[in-house]
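Per-entry structural report
Listed below are the residues making up each chain.
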Amino acid sequence: MDKSVGKPLDRVDGRLKVTGGAKYSAEYPLEGLVHAVIVTSTIASGTITRVDSTAAEKAPGVLAVLSPEKPPKFALDPSKRVGFMDRTVHALQHKRVDYQHQPVALVIADTIERATHAAALVKVQYKVDKPKVNFKTAKSQAYKPANILGQPADNDHGKASTEKPAAEVDATYTTPYEHHNPMEPHATTAVWEGDRLTVYDATQGVFSTRDRLAQLFGLPAENVRVITKFIGGGFGGKGSVWSHVVLAAAAAKAVSRPVKLVLRRDQMFAMVGFRPETEQRVQLQARKDGKLLLVRHETVNPTSVFDEFTEPSAFQTRMLYASERIVTAHRLVKLNVGTPTFTRAPGESTGTFALESALDELAYKLNVDPVALRLVNHADQDPESGHPWSSKSLKDCYRVAAEKFGWSKRNPAPGSMKDGRTLVGWGMATATYPTRRMPASAKATLLPDGTARVVSGSQDLGTGAYTVFTQIAADALGLPPDRVRFDLGDTQMPETPVTGGSWTSATVGSAVKVTADALREKAIALAVADASSPLHGADPKKVQVENGELVSGGKKESYAALLKRQKLPSLEVQMSSGPGEEVQKYSMHAFGAQFAEVRVDPDLGQVRVSRWVGAFGAGTILNEKTARNQIMGGIVMGIGMALMEEAVLDERTGRFITHDLADYHVPVNPDVPDIDVTFVPETDPYINAIGAKGIGEIGITGVAAAIANAVYHATGKRIRNLPLTLDKLLTT
Ligand code: MOS
């Protein structure tokens with residue numbers, strides 16, 4: 001029987017999605033459902049002096065208005081953070097306002113229209129303070145965070161070289177505020193039955209949402225059920241429990257009715273995180289042959305005045321290249337903005353823009369080919385830990401992508417490759433993202449008809465999780481994928497972590513694999529011990545399962561026949577799996593190479609990406625189609641990051657004025673060329689049970705730098721401030 005893993009299987013949930021059968025969190029038509037609308041602050045700093053909800057309370061259909069004057073009650077102060085993904089929640093507990101769009105009231109009514117109307121009638125008065133929102137002026141008060149996700153904020157590795165460098169780059173790069181912008185808005189539907197709470201939530205973590213709500217409402221975790229069957233994109237923004245989730249549950253409690261709360265698009269630009277802007281200094285010193293003597297990467301980003309999030313832009317600099325000395329530092333500045341959060345390869349996407357741009361600048365100073373410069377500095381082991389790589393195919397990625405792209409035909413002189421009047425530029429950059437894995441569990445059940453049901457809490461962000469876990473379980477059980485039903489998205493299923501950090505395939509996939517393997521072994525053990533089975537007495541190690549039939553030495557029996565004779569309604573195994581000592585022995589990362597061609601209009605400065613070739617080493621590719629789709633999506637986001645995406649903060653009011661998809665630009669089809677993605681063959685025996693590295697985030701890394709480097713090649717203009725808009729090209 002052919003293995004399913006690796007095959008470009010269509011999404012098992014594809015039909016449900018295109019027919020509208022896939023239910024998202026705002027689509028549960030519960031009996032008696034009512035609607036909540038959040039009133040958010042119109043100032044970025046100050047104190048509420050009065051909330052006048054008289055008119056709103058009298059408006060038709062209104063059931064309740066909550067505010068700091070009539071606050072919901074919690075068992076735990078919602079501003080307290082417990083879990084590592086937790087954010088300070090603003091749930092109408094106090095009158096202090098620290099950012100624009102902070103919740104200041106909540107209106108619950110029988111229809112969304114009436115709730116929206118009544119929300120407009122709530123009058124909030126403030127004592128207004130001058131907001132601190134100017135990153136540039138506040139930077140003098142930058143401070144060092146205690147740590148970043150358990151890692152030190154700073155490090156200084158290796159020895160200062162006494163050699164005089166042949167070339168040096170010391171430049172500052174900036175990236176702007178960016179927003180996640182999933183198509184599906186954040187949405188929560190909450191239902192109470194006595195002291196039991198069920199929440200349908202657009203979340204990347206059903207269990208972390210359960211735990212946060214249980215803490216805040218003083219309930220045992222088993223009294224809270226969180227269901228998330230489908231998510232229309234999250235990109236890190238749905239990785240934490242934000243204020244609206246807590247408010248939806250509080251609203252449902254206040255009116256004793258199921259409540260639905262959907263954020264408006266403009267609210268999503270303020271109260272559910274974003275990527276903070278960054279200012280990054282990169283200093284490189286190298287010998288004549290390109291060998292790096294010093295790499296210094298210092299970065300600073302804004303966080304909120306009440307919470308801390310560091311964009312870890314210098315993390316990849318600690319491990320990406322071999323250098324005599326590597327120095328990195330992260331700093332924070334507190335501003336009157338909402339708390340920033342994980343956004344599409346947090347750290348690596350912004351960090352590789354700076355580092356990989358600086359390497360291109362160095363290549364020009366040394367007159368060395370940019371690929372050759374990276375090969376000279378290839379890290380044969382992890383420079384920071386000294387550990388060997390569990391696997392690394394970066395050299396293959398450079399070679400394969402360069403060949404497909406035709407890199408050897410590049411004339412390195414800026415402005416040398418024209419097509420008529422159009423300036424053509426070729427640029428490249430390295431892509432990298434860590435391979436992580438968390439503990440997770442799964443349950444696998446053989447059913448009397450010989451099919452299997454496999455479940456694991458988890459989430460599918462739209463990436464293909466349902467599909468690849470079906471494939472992994474099918475292979476382990478010796479079943480075709482259409483005889484396996486995989487289900488997820490419910491805290492009543494075995495526990496798993498948040499979907500983030502590109503770890504879900506490795507994490508949940510490994511748990512599914514060990515669980516399904518154990519179930520197959522359990523069925524085999526039953527058969528060989530059963531005097532009535534054709535396999536009785538066979539060596540269990542020699543029994544294969546193919547197409548649902550246990551086979552050994554020409555004898556066979558199906559799962560269905562075995563269960564029937566054993567009078568078993570089902571056969572079930574539940575198991576957990578997690579990282580082991582391999583994480584102490586090996587450094588684990590995926591790597592890739594991004595090659596871009598741009599066309600620049602010499603009069604208008606307009607940049608078009610005209611060609612893309614990327615090659616990636618990411619271990620076992622579980623599904624050729626969904627994996628390619630993941631990488632393409634990442635590259636499209638990278639094109640957006642390079643050329644369009646920029647959230648503009650009004651420094652007078654502290655409000656993001658780009659707060660819809662008309663003003664905040666993301667790529668559309670004509671902005672995206674054909675994207676050529678290759679996965680180089682890579683076997684990694686160390687990382688996890690399925691040998692797969694994460695591919696959710698590596699696609700975006702290196703993209704902005706490859707484009708900036710191509711733009712330099714086309715124009716001779718080095719733009720160090722994203723996005724690369726035409727005004728910068730016309731004035732630089
Ligand atoms: Mo991702 S930014 O870790 O959801």
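Remember, it's a predicted structure, so these values are computed and weren't measured experimentally.

Cut-off values and rules
Residues numbered from 1 in each chain as written. Predicted model: local features only at pLDDT ≥ 70, side-chain atom pairs only at ≥ 80, totals over all residues. Heavy atoms only, no water. Helix = DSSP H or I, 4+ residues; strand = E, 2+ residues; numbered from the N terminus. Rg over C-alpha atoms; globule rule 2.2 N^0.38 Å. Buried < 20%, exposed > 50% of the residue type's maximum accessible area, 1.4 Å probe, protein only. Contact = heavy atoms within 4.5 Å. Areas by Shrake-Rupley, 256 points an atom, 1.4 Å probe, with all protein chains shown as cover. Lys, Arg positive; Asp, Glu negative; His and termini not counted. Charge placed at Lys NZ, Arg CZ, Asp CG, Glu CD. Salt bridge = Lys/Arg side-chain N within 4 Å of Asp/Glu carboxyl O. Domains from an automatic or database assignment. Buried area = accessible area lost by both parts, 1.4 Å probe. Polar contact = N/O pair within 3.5 Å; in protein donor to acceptor, adjacent residues only side chain to side chain. Expected span 1.5 Å × (residues − 1). Pairing = 2+ DSSP bridges. Axes fitted to C-alpha atoms, helices over the stretch in contact; angles between N-to-C directions. Patch = residues over 30% accessible without salt bridge, like charges linked within 9 Å, V, L, I, M, F, W, Y side chains within 5 Å. Left-handed = near helix turned anticlockwise from the far one by under 90°. Nonpolar A, V, L, I, M, F, W, Y, C, P; charged D, E, K, R; others polar. Core = buried A, V, L, I, M, F, W, Y, C linked by side-chain atoms within 4.5 Å.

This paragraph deals with the overall build of the chain. Within the chain, the secondary structure is distributed over 16 helices and 29 strands. For 732 residues, the compact-globule estimate of 2.2 N^0.38 gives 27 Å, and the chain sits close to it at 27 Å. Dimensions of the chain, computed from C-alpha atoms along their principal axes, come out at roughly 80 × 75 × 50 Å. Sorting the 732 residues of the chain into buried and exposed places 61% on the buried side. Here the analysis covers contacts within the chain between residues at least 6 apart in sequence; of these, 80% occur between residues at least 24 apart. Working note: accessible area of the chain is about 27,400 Å², and carbon and sulfur atoms make up 52% of it. Computing the positive centroid from 86 side-chain charges and the negative centroid from 80, the chain places the two 1 Å apart.

What follows covers the pattern of salt bridges. Applying the stated criterion across every chain, the model contains 54 salt bridges. The partner of Asp419 in a salt bridge is Arg599, with the nearest N and O atoms 2.7 Å apart. Taken together, the residues Asp419 in strand E16 (residues 417-419) and Arg599 in strand E25 (residues 589-600) connect sequence positions 180 residues apart. A relative accessible area of 44% places Asp419 in the partly exposed class. Overall, the relative accessible area of 27% leaves Arg599 in the partly exposed class.

One can read the domain layout of the chain as domain 1 (14-19 + 438-578), domain 2 (34-130 + 183-233 + 238-269) and domain 3 (278-436 + 584-731). Relative to domain 3, the C-alpha centre of domain 1 lies at a distance of 39 Å. Each side of the interface is counted separately: domain 1 has 17 residues, and domain 3 has 14 residues. The largest share of the area that domain 1 buries against domain 3 comes from Thr463, Ser502 and Ala506, three residues that together contribute 38% of it. If you look at where domain 1 meets domain 3, you find four residue pairs in polar contact (both at pLDDT 80 or more). When residues of the side of domain 1 that touches domain 3 are traced back to their parent elements, those giving at least two are helix H10 (465-477) and helix H11 (504-529). Looking at which element gives the most residues to the side of domain 1 that touches domain 3, the answer is H11, with seven residues.

Here we take up helix H9 (residues 394-405). Taking 1.5 Å per residue, twelve residues should reach 16 Å; H9 reaches 16 Å between its end C-alpha atoms and fits that length. Looking at the packing, one finds that the buried side of H9 touches helix H8 (370-376), strand E17 (422-434), E25, strand E26 (607-617) and strand E29 (675-679). Positioned one or two residues after H9, Gly406 has a phi angle of 85°, which is positive.

Attention shifts here to the sheet that holds strand E22 (residues 549-552). Strand order across the open sheet formed by three strands is E21-E22-E23, with antiparallel pairing between neighbours. The open sheet has two free edges, formed respectively by strand E21 (544-546) and strand E23 (555-558), since each of these has just one partner strand. Put simply, the sheet's adjacent strands are angled 30° from each other on average, direction ignored. Relative to E22, E21 is paired through three bridges, and the arrangement is antiparallel. In the strand pairing of E22, Glu546 is matched with Glu549. Lying on the sheet, H11 is in contact with E21, E22 and E23; it crosses E22 at an angle near 60°.

Mapped onto the fold, Thr198 is located in strand E10 (residues 196-201). In this structure Thr198 comes out as buried when scored by relative accessible area, which is 14%. Leaving out residues up to four positions away in the same chain, Thr198 has contacts with Thr189, Ala190, Val191, Glu193, Arg225 and Ile227.

Once that is clear, we can look at the environment of Ala91. Note on placement: Ala91 falls in the loop between strand E3 (62-66) and strand E4 (96-97). With residues near it in sequence (within four places) discarded, Ala91 still touches Pro72, Phe74, Pro78, Val246 and Leu247.

Here the focus is the sheet that holds strand E12 (residues 259-262). Taken together, seven strands build an open sheet; the order of strands is E3-E5-E1-E12-E9-E10-E11 and the sheet is mixed. Only two strands of the sheet have a single partner each, and these edge strands are E3 and strand E11 (224-227). With direction set aside, neighbouring strand axes in the sheet form an average angle of 20°. With six bridges connecting them, strand E1 (residues 34-40) and strand E5 (residues 103-109) associate as antiparallel partners. Bridging from a neighbouring strand, Val39 pairs with Ala105 of E5. Strands strand E9 (187-193), E10 and E11 of the sheet are contacted by helix H5 (residues 206-217), whose axis makes an angle of about 145° with E11. Relative to the sheet, helix H6 (residues 243-255) contacts E1, E3, E5, E9, E10 and E12, its axis offset from that of E9 by approximately 35°.

As a further point, take a nonpolar patch on the surface. A surface patch of nonpolar side chains, amounting to about 270 Å² of accessible area, comprises Met183, Leu661 and Val666. Inspection of the secondary structure puts Met183 in the loop between strand E8 (167-175) and E9. With a relative accessible area of 65%, Met183 lands in the exposed category.

Among the secondary structure elements, Gly702 is positioned in the loop between E29 and helix H15 (703-715). Other than its neighbours up to four places away in sequence, Gly702 contacts Thr352, Ala429, Thr430 and Gln594.

Between helix H7 (residues 348-366) and H15, the shortest axis-to-axis distance is 8 Å and the interhelical angle comes to 30°. Helix-helix and strand crossings are classified by hand; for H7 and H15 the assignment is right-handed. Between H7, through Thr352, Phe353, Glu356, Ser357, Asp360 and Tyr364, and H15, the contact on the second element is made entirely by Ala704, Ala705, Ala708, Asn709, Tyr712 and His713. Of the residues that constitute the contact of H7 with H15, the class distribution is six nonpolar, four polar and two charged.

What follows concerns the side chain of Gln630. Secondary-structure assignment places Gln630 in helix H14 (residues 624-643). For Gln630, a relative accessible area of 17% puts it in the buried group.

This part covers the nonpolar core. Residues Leu284, Leu362, Phe595, Val598, Trp612, Leu643 and Ile707 are the most contacted members of the largest nonpolar core, which totals 86 residues. Tallying contributions element by element places H15 first for this core, with nine residues. Excluding its chain neighbours within four sequence positions, the residues that come into contact with Leu643 are Val607, Val609, Ile707, Pro723, Leu724 and Thr725.

Buried residues dominate E1, accounting for seven of its seven residues. Residues Val34, Ala36, Ile38 and Thr40 point to one face of E1 and His35, Val37 and Val39 to the other, with burial holding for every one of them. Across three bridges, E1 lies against E12 in parallel orientation. Across the sheet, Val34 pairs through a bridge with Val259, a residue of E12.

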